[in-house]
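The lines below spell out each chain.
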Amino acid sequence: MTARPPGPELTVLHRIPSGSNAVYRCVDTLGEHWVYKPSAGERPLTDFPDGSLAAREIAAYTVSVALGWDLVPETVGAHGPGGPGMAQRWVDEIDRTETPGHDPVDVHSVDALPPGRVAVLRGQGSGGQEVVVAHALDDRLRRIALFDLVVNNADRKGGHVLVDTSGQIWAIDHGLSFHTEDKLRTVLWGWAGQPLPPEDLEALETVRDGLAGDGPLAGALRDLLAPDEVRALEERVAALVEGEVFPAPGPGYPLPWPLF
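Counting of residues starts from 1 at the beginning of each chain's written sequence and follows it residue by residue. Totals for whole chains, interfaces and linings use all residues, but because this is a predicted model, local features are given only for residues with pLDDT of at least 70 and pairs of side-chain atoms are given and counted only at 80 or more. The basis for every side-chain value is the complete set of heavy atoms in the structure, and neither hydrogens nor water enter the calculation.

**Focus on the nonpolar core**
Buried residues of nine kinds, namely Ala, Val, Leu, Ile, Met, Phe, Trp, Tyr and Cys, make up a nonpolar core once their side-chain atoms join them within 4.5 Å. Burial classification: accessible surface area is computed with a 1.4 Å probe over protein chains only, and a residue below 20% of its type maximum counts as buried, one above 50% as exposed, and the rest as partly exposed. Among the nonpolar cores identified, the biggest contains 51 residues, and Val-63, Leu-204 and Leu-221 are the most heavily contacted of them. Each helix corresponds to a stretch of at least 4 residues labelled H or I by DSSP, and each strand to a stretch of at least 2 residues labelled E; elements are numbered beginning at the N terminus. Counting residues per element, the ones that place at least two in this core are α1 (53–67), β8 (130–136), α2 (139–151), β9 (161–163), β10 (169–171), α3 (198–211), α4 (216–222) and α5 (227–243). At 8 residues, the largest contribution of residues to this core is made by α2. If sequence neighbours within four positions are ignored, Leu-221 has contacts with Ala-59, Thr-62, Val-63, Leu-211, Val-230 and Leu-233. By size, the runner-up hydrophobic cluster in this structure holds 7 residues, among which are Leu-10, Cys-26, Trp-34 and Ala-87. Contact criterion: two residues are considered in contact whenever any of their non-hydrogen atoms come within 4.5 Å of each other.

**Notes on the environment of Asn-152**
In this fold, Asn-152 is placed in the loop between α2 and β9. Since its relative accessible area comes to 3%, Asn-152 is described here as buried. For the pair formed by Asn-152 and Thr-186, sequence separation is 34 residues and the distance between their alpha carbons is 9.8 Å. When near neighbours in sequence (up to four residues on either side) are disregarded, Asn-152 contacts Leu-176, Ser-177, Phe-178, His-179, Glu-181, Asp-182, Lys-183, Leu-184 and Arg-236. Reaching out from Asn-152, the side chain makes a polar contact with the backbone oxygen of His-179 at a distance of 2.9 Å. There is a polar contact of 3.0 Å between the side chain of Asn-152 and the backbone nitrogen of Lys-183. Two N or O atoms count as a polar contact when they lie within 3.5 Å, although within protein this holds only if one can serve as hydrogen donor and the other as acceptor, and sequence-adjacent residues are included solely when both atoms are side-chain atoms.

Any link to function would need more than the numbers given here.
Here is the structure:
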């Protein structure tokens, strides 16, 4: 259950200071940029096995490919200066100082929610004003929300949804995924209780078939996840196909913290 090098040959450019684990921006021999996360730089957690987060990131990309939605940047096993881990293609983000607009998940005044958005949380801003955390309702973000249900993502913060310079939305940071227990924490609750679109159900059925028995997806994931985690994934997909709706938040704490 470890990330499998070889991958791109990486040279570290600098460390990315955000996050609790070691994360680096790197360049490969072709000049392509990557985010590199060595397994040795992972902070130990009480609910996920030590050294398993890089493999979970690769597994999330594998499931994204199987769904056919291209939501997660290419993610592979890699061996860099910090040892084995994972590498994910770098996303050049849109510059909001040059291209004003709202991010996919953003904070708005409670009385100025833009059209095409749904509020998921109400609270107070830094100045004491009433605000809402809201997200867009476009198809790609909807599929990211469904993807998080599939992989049981425990950490879908607003900052884990990026917009590249072409306007494409990408989902990143999936190390806290695939737990056998329900760990879903996300800011993307705007579709709760709504029917799943037929085309999304068709993609889920493809993944379900790939996970059955010795299916190709099951085989690929067994190199990255524990057997009971693969079984739990299969059960989650089957439940979504049978239920045909986005589940509503259950008891407990369905939001990540911090939210961004």
